[in-house]
Amino acid sequence: MYRDTGEGFRNAVNISHKAVEQVAGKGDIVVDATCGRGKDTLFLAQLVGRNGKVYAFDIQESAIESTRLLLAKNGAAEQVVLIKDDHINMAEYLKERPKACMFNLGYLPGGNHCIKTEACTTLEALKIVVDVLAIGGIITVVFYPGHPGGTEELETARNYLSGLPQQAFEVTEIRFINQVNNPPQIIIVRKK
């Protein structure tokens, strides 16, 4: 359950961290499906500790390198497996059932905006994670409907996730309704 630390629900990424903290902890296996600049990967690495494992995916070498440097700077590289590959291929790498999986979609901050996640591959990656996720595990997906293709990605994922059987999954959508400029939105899935 969420405990107010005075910071509230600042944004979708903050909410995703709070949600993951509720189910994953020391020694768990977790996934960052889109490691980007490494902030979510670092969060997960610190959450699971040295006895846990983080699988972090990205298709761009610059994202992998940014993440590698951030992890090394913070002494958290040991428990992270960095994988330069599309998250659609994550089943090839996962040997255990993850307790959490985070998706932070869109493009690499400060990178080429033409290289971004796509609705079709995000959908396939979500299907994989829904299947392999541990019972009691959680998936968080942060969407950016303000960039080209972002709304399509949100709608595609929403259509799939809203069809998951409620006996097996809880699916929640959170959005900031008083913010301007198409603020990020989040969908959280918990496997019962």
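If you're wondering where the values come from, they're calculated on a predicted model, not measured in any experiment.

1. Quick notes on the sheet that holds strand 2 (residues 53–58)
Thought 1: The seven strands lie next to each other as 3-2-1-4-5-7-6, forming an open sheet whose pairing is mixed. Two strands close off the open sheet at either side, each with one partner strand: strand 3 (80–84) and strand 6 (169–175). Neighbour-to-neighbour, the strand axes of the sheet open up by a mean angle of 15°, direction not taken into account.
Thought 2: Of the strand pairs in this sheet, strand 2 and strand 3 are connected by five bridges, and their pairing is parallel. Residue pairing across strands places D58 opposite K84, the latter belonging to strand 3.

2. Quick notes on unusual backbone geometry
Thought 1: Even without glycine at this site, N181 takes up a positive phi of about 65°.
Thought 2: Inspection of the secondary structure puts N181 in the loop between strand 6 and strand 7 (185–191).
Thought 3: Backbone geometry places N182, a non-glycine residue, at a positive phi of 50°.
Thought 4: Along the chain, N182 turns up in the loop between strand 6 and strand 7.

3. Here we look at helix 4 (residues 119–132)
Thought 1: Taking 1.5 Å per residue, 14 residues should reach 20 Å; helix 4 reaches 20 Å between its end C-alpha atoms and fits that length.
Thought 2: The buried fraction of helix 4 is high, at 10 of 14 residues.
Thought 3: Looking at the buried side of helix 4, the elements it contacts are strand 4 (100–104), strand 5 (138–143), helix 5 (150–161), strand 6 and strand 7.

4. Quick look at the packing of aromatic side chains
A ring pair, where both rings are aromatic, is described by two values, the distance of the centres and the angle of the planes.
Thought 1: Across all of its chains, the model carries one aromatic pair by this definition.
Thought 2: Between F57 and Y93 the ring centres are 5.6 Å apart and the planes differ by 70°, which places this aromatic pair in the edge-to-face class. With F57 in strand 2 and Y93 in the loop between strand 3 and strand 4, this pair connects stretches of sequence that are 36 residues apart.
Thought 3: With a relative accessible area of 0%, F57 lands in the buried category.
Thought 4: Looking at Y93, the relative accessible area reads 28%, which means it is partly exposed.
Thought 5: Of note, K127 hangs over the ring of Y160, and the distance from its end group to the ring centre comes to 5.9 Å.

5. Digging into the state of the cysteines
Thought 1: Counted under the stated rule, the structure contains zero disulfides.
Thought 2: Summary of cysteine pairing: C101 is not part of a disulfide, and the nearest cysteine sulfur, belonging to C35, is at 12 Å.
Thought 3: With relative accessibility at 0%, the residue C101 sits in the buried group.

6. Some points on the nonpolar core
Thought 1: One finds M90, F103 and I139 to be the most contacted residues of the largest nonpolar core, which totals 28 residues.
Thought 2: Counting only elements with at least two residues in this core, the list comes to strand 1 (29–32), strand 2, strand 4, helix 4, strand 5, helix 5 and strand 7.
Thought 3: The element that contributes the greatest number of residues to this core is helix 4, accounting for six residues.
Thought 4: With 26 residues, the next largest nonpolar core counts F43, V48, V54 and M102 among its residues.

7. Quick look at the pattern of salt bridges
Thought 1: Applying the stated criterion across every chain, the model contains seven salt bridges.
Thought 2: In this structure, the salt-bridge partner of R68 is E65, at a minimum N-O distance of 3.2 Å. Residue R68 and its partner E65 are both found in helix 3 (residues 61–73); the two are separated by three residues, about one turn of the helix.
Thought 3: R68 gets classed as partly exposed once you look at its relative accessible area, which sits at 39%.
Thought 4: E118 serves as the salt-bridge partner of K116, at 3.3 Å between the closest nitrogen and oxygen.
Thought 5: With relative accessibility at 36%, the residue E118 sits in the partly exposed group.

Criteria and cut-off values
Residues numbered from 1 in each chain as written. Predicted model: local features only at pLDDT ≥ 70, side-chain atom pairs only at ≥ 80, totals over all residues. Heavy atoms only, no water. Pairing = 2+ DSSP bridges. Helix = DSSP H or I, 4+ residues; strand = E, 2+ residues; numbered from the N terminus. Axes fitted to C-alpha atoms, helices over the stretch in contact; angles between N-to-C directions. Expected span 1.5 Å × (residues − 1). Buried < 20%, exposed > 50% of the residue type's maximum accessible area, 1.4 Å probe, protein only. Contact = heavy atoms within 4.5 Å. Phe/Tyr/Trp six-rings, centres within 6.5 Å; stacked < 30°, edge-to-face > 60°. Lys NZ or Arg CZ within 6 Å of the ring centre and 35° of its normal. Disulfide = S-S within 2.5 Å. Core = buried A, V, L, I, M, F, W, Y, C linked by side-chain atoms within 4.5 Å. Salt bridge = Lys/Arg side-chain N within 4 Å of Asp/Glu carboxyl O.

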